[in-house]
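Coordinate inspection notes
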Amino acid sequence: MLTKRDLPRCEQFIGGKFLPSVSGKYFPLISPETEEVTAEVANSTAEDVETAVQAALHAFKHSKWRLSPELRIVTLRKLAAKLRENMPAIVEAEARVTGRPIREMRAQLGRLPEWYDYFASVAETLEDTLPPFGRGYLNYTRREPLGVVGLLTPWNHPLLILTKKLAPALAAGNAVVIKPSELAPVTINMLAELIHDSGMPEGIVNVVHGLGSVAGKALAQNKALSKIDLTGGTPTGREVAAAAGRNLIKVAAELGGKATSIVFDDVDLTAAVNGTVFAGYIASGQTCVQGARVLVSDKMYDRFCAAFVEKVSKLRVGPPLDNRTDIGPLVAKRQLDRVVKLIETGIREGATLAYGKAPVPDTGWYVSPTVFTDVTNDMTVAQEEIFGPVVCILRYQSEKEAIELANGTRFGLGMAIWTNDIRRAHHVAEQLEADIIWINDHHRIGPASPWGGFKESGVGRENGIDCYKDYSRLKNVIAKITADPFDWFDGAATDKRYS
Ligand code: NDP
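Overview of the overall build of the chain
The helix and strand inventory of the chain stands at 15 helices and 22 strands. Taking 499 residues into account, the globule formula puts the C-alpha radius of gyration at 23 Å, and the chain, at 25 Å, falls close to it. Referenced to the eigenvectors of the C-alpha coordinate spread, the extents of the chain come out at roughly 85 × 55 × 40 Å. Expressed as a percentage of its 499 residues, the buried residues of the chain come to 56%. Taking as baseline every contact in the chain between residues at least 6 positions apart, the subset at least 24 positions apart corresponds to 73%.

Written out as structure tokens, the structure is:
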């Protein structure tokens, strides 16, 4: 059973053991709420990454994991059960580390076991195929694991995002090396403890810490990997994909976003306001599918903006562990500085600051929930990923213009359509350039439901059977099952089949 720890030391987890980095150095983890040091984190280097990759390779080759779907299914279900049992401690730790309100973490992390159960079931039920081939042959396919996979994960949903990668990677029989964000390593180590307790062979899951520019880079470039899977910013995605290209390995990259919600004028105003405020301010806006841009019909623009601002003005800014908190502190000082700078840019470029003055505590990296109205699509705040509690409301005149505006960004991850017109909802969904479209909702996700980006939001898909398949490779076995003689070079020079 996990217990609360006041100042955990986050060591690396390699070959089933928690170990310091080779350098013996640590860096401090700072609380977004109190600005105090709350943990020391092993500062992994390229040497540590190589050790972790070798441990993973060894486990992949020599344990039963690769060869025994039965072992994987039982272990993943055990892990799901252990997660359920230990959820309160994990929820509290993740809220402390990220600053995200505990109510959010409870709702989000409570669902993690579903991913391990789901992918165990995929491994249990996915069948191989017998492609048609011809008389006299047994022709079948086999799905096999890739080998060692590198997982690079961000700080905003540390365990959820890791789980979306880890569950399919393990179910398919791979070994992994994880490099979590330097800002959110604590709950990843808690998961490693549970993995250890679930009886998974040592070395199948390894965790290194350290900086993205050092440990992350070394992992992405490691030549022994068979796949690298990143969730992070678009610039990191380009670097990681380039390294994967040089090593000719698979890459999946879930990258930045700037989700748009389109509000049509037939909708119920209260439902649309409640939904778009949820979309914009959950996780204090620190999420890749944040409903950062709301497009509102000119016919209801003023009414909508007034109701939206009224709702936002009631959001409670406060400490992450308070059950009543709606908006916690941002994860790091550098995020706070970035968000404040972008708010100033919005004002300078002529957007109207309709709300941005909720009182925030003196200590901690808090920023008021902010609403910009009269935003145009060329403004920086309408285009750049702010990753904070800032929402821009834009005006449109026609459905055609709404679609053009929605597609008028370099990102293509999530979008939402708010309408009661069923024909319009699906007609518009068809034309939006994004992978995940919600109709009259936002942020919904499930282990079976594909997730990934169009355009600069990434490549590859998380969740679902396709993701499991992406963590495996296909082998085709063609077996001759007759004793018919065959000799191409028998000198007869007759037509026969060799292919
Ligand atoms: P980063 O791109 O900064 O980091 C992501 C991970 O990669 C971290 O573990 C980081 O380590 C590591 N990393 C950083 N630089 C390199 C490098 N050169 N080579 C290898 N690894 C590296 O993203 P953030 O952590 O700041 O997360 C926020 C971003 O993630 C946003 O753009 C957001 O939209 C995106 N995101 C996308 C999601 C999606 O589903 N599409 C979901 C959630 C977030 P370190 O932290 O130590 O620097």
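Observations regarding the packing of helix α2 (residues 69-98) against helix α3 (residues 102-109)
The N-to-C vectors of α2 and α3 enclose an angle of 130 degrees; their axes lie 9 Å apart at closest approach. Relative to α3, the element α2 lies oblique. As for the relative orientation of α2 and α3, their crossing is right-handed in sense. On α3, the residues that touch Met87, Ile90, Val91, Glu92, Glu94 and Ala95 of α2 are Ile102, Met105, Arg106, Gln108 and Leu109. Looking at the contact of α2 with α3 residue by residue, the class counts come to seven nonpolar, one polar and three charged.

Topic: the sheet that holds strand β13 (residues 291-297)
Overall, mixed pairing links the seven strands, which are arranged β14-β15-β16-β13-β12-β18-β19 in an open sheet. Sheet topology places β14 (352-355) and β19 (436-439) at the edges, where each strand pairs with a single neighbour. Between one strand axis and the next, the sheet turns through 25 degrees on average, direction left out of account. Where strand β12 (residues 259-263) meets β13, five bridges bridge the pair, whose relative direction is parallel. The residue of β13 that forms the bridge with Ala259 is Gly291.

Thoughts on the site of the ligand
The environment of the ligand is formed by 31 residues, the closest being Thr153, Glu182, Thr236, Cys288 and Glu385. Lys179 has a polar side-chain atom sitting 2.8 Å from an oxygen atom of the ligand. Expressed as a share of its isolated accessible area of 900 Å², the protein-covered part of the ligand is 90%. Mapped by element, the contributors of at least two residues to the shell around the ligand are α7 (212-221), β10 (227-231) and α8 (234-247). Of the residues in the shell around the ligand, the class split is 13 nonpolar, 12 polar and six charged.

Remarks on the packing of aromatic side chains
Inspection of the entire model under this criterion finds nine aromatic pairs. An angle of 70 degrees between the planes, with centres 5.2 Å apart, marks the rings of Trp488 and Tyr498 as edge-to-face. Taken together, the residues span a long stretch of sequence, with Trp488 in the segment after β22 (472-480) and Tyr498 in the segment after β22 at a distance of 10 residues. Of the residues examined, Tyr498 reaches a relative accessible area of 66% and is grouped as exposed.

Thoughts on the packing of α2 against helix α5 (residues 158-171)
α5 packs onto α2 with a crossing angle of 165 degrees between their chain directions and a minimal axis gap of 11 Å. Here α2 is positioned roughly antiparallel relative to α5, judged by the angle of their axes. Viewed along their axes, α2 and α5 form a crossing whose handedness is right-handed. Together, Arg72, Leu76, Ile90, Glu94 and Thr98 of α2 and Pro158, Leu159, Ala167, Leu170 and Ala171 of α5 make up the contact between the two elements. A per-class count over the contact of α2 with α5 returns seven nonpolar, one polar and two charged.

What to know about the environment of Ile403
Mapped onto the elements of the fold, Ile403 is located in helix α13 (residues 399-406). Spatially, the C-alpha atom of Ile403 lies 16 Å from that of Ala292, the residues being 111 residues apart in sequence. Look past the residues within four positions of Ile403 in its chain and what remains in contact with it is Val428, Gln431 and Leu432.

A short note on the pattern of salt bridges
All chains considered together, the criterion is met by 30 salt bridges. Glu104 is paired through a salt bridge with Arg100; the nearest N and O atoms lie 2.9 Å apart. As far as the burial class goes, Glu104 and Arg100 line up, both buried. Taking the shortest distance from any N to any O, the salt bridge between Asp374 and Arg395 comes out at 3.8 Å. With Asp374 in strand β15 (residues 370-375) and Arg395 in strand β16 (residues 390-396), this residue pair connects regions lying 21 residues apart in the sequence. For Asp374, a relative accessible area of 38% translates into the label partly exposed. One salt-bridge network, held together by shared partners, links Lys164, Lys165, Asp229 and Glu462.

Overview of the state of the cysteines
Across all of its chains, the model carries zero disulfides by this definition. Counting only cysteine sulfurs, Cys288 is the nearest neighbor of Cys467, a cysteine outside any disulfide, at a range of 15 Å.

Cut-offs used in this document
Residues numbered from 1 in each chain as written. Predicted model: local features only at pLDDT ≥ 70, side-chain atom pairs only at ≥ 80, totals over all residues. Heavy atoms only, no water. Helix = DSSP H or I, 4+ residues; strand = E, 2+ residues; numbered from the N terminus. Rg over C-alpha atoms; globule rule 2.2 N^0.38 Å. Buried < 20%, exposed > 50% of the residue type's maximum accessible area, 1.4 Å probe, protein only. Contact = heavy atoms within 4.5 Å. Axes fitted to C-alpha atoms, helices over the stretch in contact; angles between N-to-C directions. Parallel < 35°, antiparallel > 145°, perpendicular 65-115°, else oblique. Left-handed = near helix turned anticlockwise from the far one by under 90°. Nonpolar A, V, L, I, M, F, W, Y, C, P; charged D, E, K, R; others polar. Pairing = 2+ DSSP bridges. Near = heavy atom within 4 Å. Polar contact = N/O pair within 3.5 Å; in protein donor to acceptor, adjacent residues only side chain to side chain. Areas by Shrake-Rupley, 256 points an atom, 1.4 Å probe, with all protein chains shown as cover. Phe/Tyr/Trp six-rings, centres within 6.5 Å; stacked < 30°, edge-to-face > 60°. Salt bridge = Lys/Arg side-chain N within 4 Å of Asp/Glu carboxyl O. Disulfide = S-S within 2.5 Å.

In short, geometric facts, not functional conclusions.
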